[in-house]
Amino acid sequence: MLTLNQIRENTPEVLEKLKKKNFNGQEIITSILDTDKKRRNLQFELDSKQSELNDLSKKIGELFKTGKKDEAQVIKQKTIGLKEEIKLLGEEFDQTGNELRDLLIQVPNLPHHSVPPGKGSADNVVVKSGGEKPRLPEDAMPHWELGKKYEILDFDLGTKLTGAGFPLFKGKGAKLQRALIGFFLDENEKAGYTEFSPPLMVNEDSGFGTGQLPDKEGQMYHITMDNYYLIPTAEVPVTNIYRDVILDANDFPIRNTAYTPCFRREAGSYGKDVRGLNRVHQFDKVEIVQIQHPEKSYEALEEMVNHVEQLIIKLELPYRIVKLCGGDMSFTSALTYDFEVFAAAQNKWLEVSSVTNFESFQANRLKLRFRDDVTKKTQLAHTLNGSALALPRIVAALLENNQTEKGIMVPLVLRAYTGFDVIS
RNA sequence: GGAGAGAUGGCAGAGUGGUCUAAUGCGGCGGUCUUGAAAACCGUUGUACCUUUAGGUACCGGGGGUUCGAAUCCCUCUCUCUCCGCCA
């Protein structure tokens with residue numbers, strides 16, 4: 001959520017930036033400014049009346065104390081009309097406040113100046129690539145067939161237990177999952193991230209804080225009986241730790257990491273790259289989150305990008321880093337780098353991480369602030385997050401790229417975690 | 001699931017209808033003293049919004065109500081603690 005100050009003080013600039021995100025904000029920004037003005041006028045009126053009533057009440061109190069009941073009765077009469085006015089004004093004020101909020105949450109975050117223009121994924125910019133695409137044997141298989149062949153991955157049983165998109169890993173497949181999680185967490189810890197193991201369900205406030213609610217409500221599994229949501233990413237609990245928090249400037253940087261299963265309904269995406277592990281309803285992911293000083297958040301973003309890149313390099317996967325264009329970025333993002341690895345048997349690039357600086361967009365919803373050392377005033381912090389890394393597509397690429405006549409070779413860095421070198 | 005108690009500032013903790021503009025203590029910050037530090041003493045110490053020389057309004061777990069006036073009374077929800085039951 002943008003702040004009113006951002007919109008009030010730089011209206012033309014805001015409109016210009018929104019255009020880059022393919023969002024025509026002219027109409028909504030105008031009504032935000034109007035509604036804001038209206039709300040402020042109402043507040044001034046309401047505050048004045050309230051102040052008047054408070055004065056009268058004090059007087060009545062004094063008169064009662066000194067026994068002048070008749071005079072008190074006279075003043076009491078005066079408060080009747082005033083109270084009615086305050087009630088009506090209060091209702092209008094609250095309503096206007098709600099209208100303003102409803103408008104504000106519809107405006108996407110402003111893109112960073114370096115975000116490339118563009119309408120969709122075709123306009124994203126590959127900023128770096130690395131690793132080598134493997135040469136596969138003649139009879140190379142996609143990962144869903146490899147999973148069957150080596151009995152490590154069973155989609156049919158997952159469907160039996162739950163439904164489509166809930167894969168079941170078994171034997172060395174299950175152990176590979178555990179190895180990857182351990183490897184990622186250890187690497188993140190070495191890079192200065194503190195490990196968390198958060199709740200997998202969150203309440204409405206948390207869903208709102210990181211921006212999943214209300215707009216992406218249909219993408220989360222909702223436990224209606226208790227009004228909880230299954231988390232679509234660890235970002236939600238791990239960032240909401242800092243909801244309604246005022247940090248000290250020297251608390252920065254905060255670096256957190258967490259492994260969690262992630263649950264996504266993926267409504268509306270049926271039939272689009274959904275084979276095998278490419279798109280599933282439940283998957284494992286290790287997430288990194290940073291809370292930073294506004295002046296340092298882009299440094300932090302680069303640091304996170306470098307860190308994620310190192311993880312992929314250590315897994316020996318061919319990859320590319322993509323800077324998302326204005327039209328392809330998420331609603332909440334100011335700047336996003338996607339990481340894609342190449343799954344050779346499918347001949348496809350699969351997104352395995354999305355590293356984003358939200359600037360103060362989430363912080364404003366979260367009321368996540370810090371106290372400025374110099375001015376002693378509170379100010380919104382910046383939040384960032386990224387996957388380090390999401391497992392299923394990494395597994396897909398590992399299985400496909402590392403298949404040999406002898407079986408699937410486990411990357412060197414994982415062998416201490418798996419306890420085996422090859423899946424055969 | 002049943003019964004009871006409770007939720008007040010960074011923390012502890014008083015306040016049960018009218019200077020509450022929230023006591024007091026601890027902590028934090030500034031100062032005096034000191035070679036320096038500690039102790040002692042003095043001062044200061046929440047958030048947000050409106051208007052801005054100065055003010056004003058709201059906030060005592062959330063929401064609603066009674067009243068001229070609510071931290072205080074009533075209703076309701078959430079959470080915490082104690083005991084019982086069930087259970088990994």
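Note that the structure is predicted; figures quoted are calculated from it, not measured. (Residues numbered from 1 in each chain as written. Chains lettered and ligands numbered in written order. Predicted model: local features only at pLDDT ≥ 70, side-chain atom pairs only at ≥ 80, totals over all residues. Heavy atoms only, no water.)

Draft legend 1. A look at the protein's contact with RNA strand B. What surrounds RNA strand B is a group of 22 residues, the closest being Q43, Q50, S57, R371 and T378. The protein-proximal atoms of RNA strand B, defined as those within 4 Å of the protein, are 76% sugar or phosphate. Residue N54 places a side-chain N or O atom 3.1 Å away from a phosphate oxygen belonging to RNA strand B. Contact between RNA strand B and K83: a phosphate oxygen at 3.1 Å from a side-chain N or O atom of the residue. (Near = heavy atom within 4 Å. Polar contact = N/O pair within 3.5 Å; in protein donor to acceptor, adjacent residues only side chain to side chain.)

Draft legend 2. Structural detail: the confidence of the model for chain A. Within chain A, residue pLDDT values average 92, and 99% of them lie at 70 or more. Predicted as a complex, the structure gets a pTM of 0.92 and an ipTM equal to 0.85. (pLDDT = per-residue confidence, 0-100.)

Draft legend 3. Spotlight on the pattern of salt bridges. Per the counting criterion, the structure on display carries 13 salt bridges. Linking K17 and E13 is a salt bridge whose minimum nitrogen-to-oxygen distance equals 3.3 Å. Of this pair, K17 and E13 both sit in helix α2 (residues 11-20), four residues apart, which is roughly one turn of the helix. The residue K19 makes a salt bridge to E16 at a minimum N-O spacing of 3.8 Å. In this pair, K19 and E16 are both assigned in helix α2, three residues apart and thus about one turn of the helix distant. (Salt bridge = Lys/Arg side-chain N within 4 Å of Asp/Glu carboxyl O. Helix = DSSP H or I, 4+ residues; strand = E, 2+ residues; numbered from the N terminus.)

Draft legend 4. Layout of helix α12 (residues 391-401). For α12, a buried count of 10 out of 11 residues is recorded, marking the element as mostly surrounded by other parts of the structure. Among the residues of α12, those classed as buried are L391, P392, I394, V395, A396, A397, L398, L399, E400 and N401. (Buried < 20%, exposed > 50% of the residue type's maximum accessible area, 1.4 Å probe, protein only.)

Draft legend 5. Structural view of the pairing of strand β9 (residues 254-263). β9 sits mainly inside the fold: eight of its 10 residues count as buried. Of the strand pairs in this sheet, strand β4 (residues 194-196) and β9 are connected by three bridges, and their pairing is parallel. Considered in β9, the bridge of E195 is made with T257. Across 10 bridges, β9 lies against strand β10 (residues 282-292) in antiparallel orientation. (Pairing = 2+ DSSP bridges.)

Draft legend 6. Here's a closer look at a negative patch on the surface. There is a patch of like negative charges on the surface, built from E204, D205, E217 and D244. Looking at the secondary structure, you find E204 in helix α8 (residues 204-209). Judged by its relative accessible area of 42%, E204 falls in the partly exposed class. (Patch = residues over 30% accessible without salt bridge, like charges linked within 9 Å, V, L, I, M, F, W, Y side chains within 5 Å. Areas by Shrake-Rupley, 256 points an atom, 1.4 Å probe, with all protein chains shown as cover. Lys, Arg positive; Asp, Glu negative; His and termini not counted. Charge placed at Lys NZ, Arg CZ, Asp CG, Glu CD.)

Draft legend 7. Focus on the nonpolar core. One finds L180, F184, I312 and I394 to be the most contacted residues of the largest nonpolar core, which totals 52 residues. Those elements that provide at least two residues to this core are α7 (172-190), β10, α10 (297-314), β11 (319-323), β12 (335-343), β13 (348-359), β16 (382-390) and α12. The contacts of L180, once residues within four sequence positions are left out, are L315, L391, I394, V395, L398 and L414. Counting residues in hydrophobic clusters, the runner-up holds 17 residues, among them M1, L18, L104 and L110. (Core = buried A, V, L, I, M, F, W, Y, C linked by side-chain atoms within 4.5 Å. Contact = heavy atoms within 4.5 Å.)

Draft legend 8. Here's a closer look at the sheet that holds β16. Spatially, eight strands are ordered β1-β11-β12-β13-β16-β10-β9-β4 in an open sheet, and the strand pairing comes out mixed. Lying at the two open borders of the sheet, with one neighbouring strand each, are β1 (125-130) and β4. The sheet shows a mean angle of 25 degrees between the axes of neighbouring strands, taken without regard to direction. Bridging between β1 and β11 involves five bridges; their strand directions are antiparallel. Bridge pairing links S129 to R320 in β11. Relative to β10, α7 is tilted by about 5 degrees, and along the sheet it contacts β4, β9, β10 and β16. α12 rests against β10, β12, β13 and β16 of the sheet, and its axis sits at about 30 degrees to β12. (Axes fitted to C-alpha atoms, helices over the stretch in contact; angles between N-to-C directions.)

Draft legend 9. Summary view of unusual backbone geometry. Residue P214 is reached from L213 by a cis peptide bond, and omega for that bond is 0 degrees. Inspection of the secondary structure assignment puts P214 in the loop between α8 and β6 (222-223). The step from F252 to P253 runs through a cis peptide bond, and the omega angle for that step is -5 degrees. As for its position among the elements, P253 is in the loop between β8 (246-248) and β9. Of note in the backbone geometry, E151 takes a positive phi value of approximately 55 degrees without being a glycine. Mapped onto the secondary structure, E151 falls in the loop between α5 (143-149) and β2 (153-154). In this structure, K367 takes a positive phi of about 55 degrees despite not being glycine.

Draft legend 10. Fine view of the sheet that holds strand β15 (residues 378-380). Taken in spatial order, the three strands make up an open sheet running β8-β14-β15, and their pairing is mixed. What marks the edges here is a single partner per strand, and that holds for β8 and β15. Within the sheet, the average angular offset between the axes of one strand and its neighbour, ignoring direction, is 40 degrees. Sheet topology note: the strand β14 (residues 369-371)/β15 ladder contains three bridges and is antiparallel. Within the sheet, the bridge partner assigned to F370 lies in β15 and is Q379.

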